[in-house]
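Remarks on the overall topology
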Amino acid sequence: MDAAALIDTLHETHRLDRAQWLFLLSAHTPEDRARLAALARRTAQAHFGNRVYVRGLIEFTNHCRQNCRYCGIRRDNRALTRYRLTPEEILACCDQGSALGFRTFVLQGGEDAGFSDSLLCRTVERIKARFPGCAVTLSAGEREHSVYRSFFDAGADRYLLRHETADAAQYRVLHPPELSLAHRMDCLRQLKEIGFQVGAGFLVGAPGQTDETLAENLLFLQEFQPHMVGIGPFLPHHETPFATEPPGSTEQTLFLLSCIRLMLPQVLLPATTALGTAAAGGREHGILAGANVVMPNLSPVAVRKQYMLYDNKLSSGGESAQGLNQLRSQLDAIGYKIDWGRGDSPLVQSANR
Ligand code: SAM
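Residues numbered from 1 in each chain as written. Predicted model: local features only at pLDDT ≥ 70, side-chain atom pairs only at ≥ 80, totals over all residues. Heavy atoms only, no water.

**Overview of the site of the ligand**
Selection criterion: Any residue with a heavy atom lying within 4 Å of a molecule or strand is counted as near it. Identification of polar contacts relies on pairs of N or O atoms within 3.5 Å, with a donor-acceptor requirement for protein atoms, meaning one able to donate a hydrogen and the other able to accept it, and with residues adjacent in sequence counted only if both atoms are side-chain atoms. Residues are grouped as follows: nonpolar covers Ala, Val, Leu, Ile, Met, Phe, Trp, Tyr, Cys and Pro; charged covers Asp, Glu, Lys and Arg; every other residue, Gly included, is treated as polar.
Taken together, 18 residues lie near the ligand, and Tyr70, Gly109, Arg162, Glu164 and Leu235 sit nearest. Within the side chain of arginine 184, a nitrogen or oxygen atom sits 3.2 Å from an oxygen atom of the ligand. Looking at the shell around the ligand residue by residue, the class counts come to 10 nonpolar, five polar and three charged.

Given below as structure tokens:
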């Protein structure tokens, strides 16, 4: 096998088998990496132009009943001051975002029993009523099928639920025994079946990762065909069991972004905050590697430091909705512009409900 030929195969057929993924992951050269990024960038431009969609990210609660070993808002982090926004505070964030031009609001939070499912439904309904034509994305973890259904019926358009890793053994390294990969996958399939535009994704460089686990992730995405994929480097948080683990690599994250763009040419692919935190210019490099979405922070400034999933998480400057001018000039410097459209998946017909 030859990595350059595998890149051609991926570019032309949008798929590789397990042995091919493994070879590409383990045996590519810096020249292969550069060519892969150039092809991924060209593919993104063919579908989206030199434009990047923006989403306003509202981190509405940092309470969480789960205890994921990598996550700074895990249940056992007693050092964290917990907060929960009220629906009125969430709507005020949307007011600000709407005035800035945002047409997608992403409500992300821990699995917080104190923010009931019905309250989240009512909040989605109020956002959709106040900002007609906007899209609402939820990212609120694992729920019952009937609850996902009620979120959809309330008007939520999209749902982000990273699978974190598609390798069952690594999943057990990253999560406590009460969480299972099988259930996470069931949730993703239910979300898709209900009609959401669905985002999956994984942590890059988290403990237990090997080329085999990465190949498993790529094969899962190839089979599941999500509308959105969120990947970012694992970054340690000092109050978690993984405090002293090394961070995931920026270079590997960029390589994987390019692989995903060639595998799923029309996917909505964010250059994530973790990528921007891991390296200066990380987000711009992500766009040049094939990403086409950024998610500036619209949360109230007073709570941003409390949604600390990992140490030093960025939430100001170009990562902040209020720092749009900085984002504009960062994009301008690499020849890109903000796209103020809703940015639905091109794979979905008449997404505007
Ligand atoms: N509770 C919801 C869920 O589980 O999908 C959404 C919130 S969760 C905090 C959002 C994402 O943050 C996770 O899917 C995970 O990939 C990412 N994350 C958490 N801890 C991280 C870390 N230490 N480094 C990088 N990403 C992290």
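After that view of the structure, there is still more to cover.
**Quick look at the pattern of salt bridges**
Any two side chains of opposite charge can pair, so long as their charged atoms come close to each other. Our working rule: A pairing counts as a salt bridge when a side-chain nitrogen of Lys or Arg comes within 4 Å of a carboxyl oxygen of Asp or Glu. Per the convention used, a helix needs a DSSP run of H or I reaching at least four residues, while a strand needs a run of E reaching at least two, with both numbered from the N terminus. Working definition: with a 1.4 Å probe on protein chains only, accessible area under 20% of the residue-type maximum means buried, over 50% means exposed, and in between means partly exposed.
Tallied over the entire structure, the rule returns 22 salt bridges. In this structure, arginine 158 engages aspartate 344 in a salt bridge whose closest nitrogen and oxygen atoms are separated by 2.8 Å. Of this pair, arginine 158 sits in strand β5 (residues 158-160) while aspartate 344 sits in the segment after β11 (337-339); the two residues are 186 residues apart in sequence, bridging distant segments of the chain. Of the two residues examined, arginine 158 and aspartate 344, each falls in the buried class. Of the charged contacts in the structure, one is a salt bridge between glutamate 319 and arginine 283, with a shortest N-O distance of 3.3 Å.

**Comments concerning helix α9 (residues 211-224)**
Put simply, the rule reads: Expected span of a helix, by definition, is 1.5 Å for each gap between consecutive residues, and there is one gap fewer than residues. Only heavy atoms enter the contact rule, under which two residues are in contact if any of them lie within 4.5 Å.
Along its 14 residues, α9 runs 20 Å from first to last C-alpha, staying within 8% of the 20 Å computed at 1.5 Å per residue. Across the 14 residues of α9, 10 count as buried, placing the element largely inside the fold. Of the positions making up α9, those classed as buried are Thr213, Leu214, Ala215, Asn217, Leu218, Leu219, Phe220, Leu221, Gln222 and Phe224. Against α2 (18-27), α7 (168-174), α8 (181-194), β6 (197-200), β8 (228-229) and α10 (250-263) lie the buried residues of α9. Directly beyond the C-terminal end of α9, a positive phi value near 55 degrees is found at glutamine 225.

**Brief notes about the sheet that holds strand β1 (residues 51-54)**
Heads up, the condition is: Whether two strands pair depends on DSSP finding at least two bridges between them. To obtain an axis, a line is fitted to C-alpha atoms, over the contacting stretch when the element is a helix, and the angle between two such axes runs from 0 to 180 degrees between their N-to-C directions.
Taken in spatial order, the three strands make up an open sheet running β10-β1-β11, and their pairing is parallel. On the outer flanks of this sheet lie β10 (293-294) and β11, each paired with one strand and no other. Bridge count for β1 against β11 is three bridges, and the pairing is parallel. Bridge pairing in β11 links arginine 51 to lysine 337. Seen against the sheet, helix α14 (residues 324-333) touches β1, β10 and β11 and runs at an angle of roughly 120 degrees to β11.

**Focus on the packing of α8 against α9**
Formally: To sort the angles, those under 35 degrees are grouped as roughly parallel, those over 145 as roughly antiparallel, those from 65 to 115 as roughly perpendicular, and the leftovers as oblique. Each crossing is labelled by how the near helix is turned from the far one, with a counterclockwise turn of less than a right angle marking it left-handed and a clockwise turn marking it right-handed.
Contact geometry of α8 with α9 gives a least axis separation of 12 Å together with a crossing angle of 25 degrees. Classified by the angle their axes make, α8 and α9 are roughly parallel. Seen from above, α8 lies across α9 with right-handed handedness. Of α9, the residues touching α8 (which contributes Met185, Leu188, Arg189 and Lys192) are Phe220, Glu223 and Phe224. Taken together, the residues of the contact of α8 with α9 sort by class into four nonpolar, no polar and three charged.

**Some thoughts on the environment of leucine 298**
Along the chain, leucine 298 falls in the loop between β10 and α13 (301-304). Overall, the relative accessible area of 1% leaves leucine 298 in the buried class. Considered as a pair, leucine 298 and arginine 283 are 15 residues apart in the sequence and their alpha carbons are 17 Å apart.

**A few points about the side chain of asparagine 217**
Looking at the element boundaries, asparagine 217 is found in helix α9. The exposure class assigned to asparagine 217 is buried, which follows from its relative accessible area of 1%. Of note is the side chain of asparagine 217, whose polar atom sits 2.8 Å from the backbone nitrogen of alanine 166. Contacts of asparagine 217, omitting those with residues within four sequence positions, involve His163, Thr165, Ala166 and Phe202.

**Re the pairing of strand β4 (residues 135-139)**
Our working rule: Seen with the strands pointing away from the viewer, any crossover whose path from the first strand over the helix to the second strand runs clockwise is right-handed.
Among the five residues in β4, five count as buried, and that is most of the element. Residues Ala135, Thr137 and Ser139 point to one face of β4 and Val136 and Leu138 to the other, with burial holding for every one of them. Relative to β4, strand β3 (residues 104-109) runs parallel, the two sharing five bridges. Following the sheet pairing, threonine 104 is matched in β4 by alanine 135. In this view, the connection linking β3 to its parallel neighbour β4 by way of helix α5 (residues 117-130) has right-handed handedness. Across two bridges, the pairing between β4 and β5 is parallel. Considered in β5, the bridge of leucine 138 is made with tyrosine 159.

Keep in mind these numbers describe shape, not what the thing actually does.
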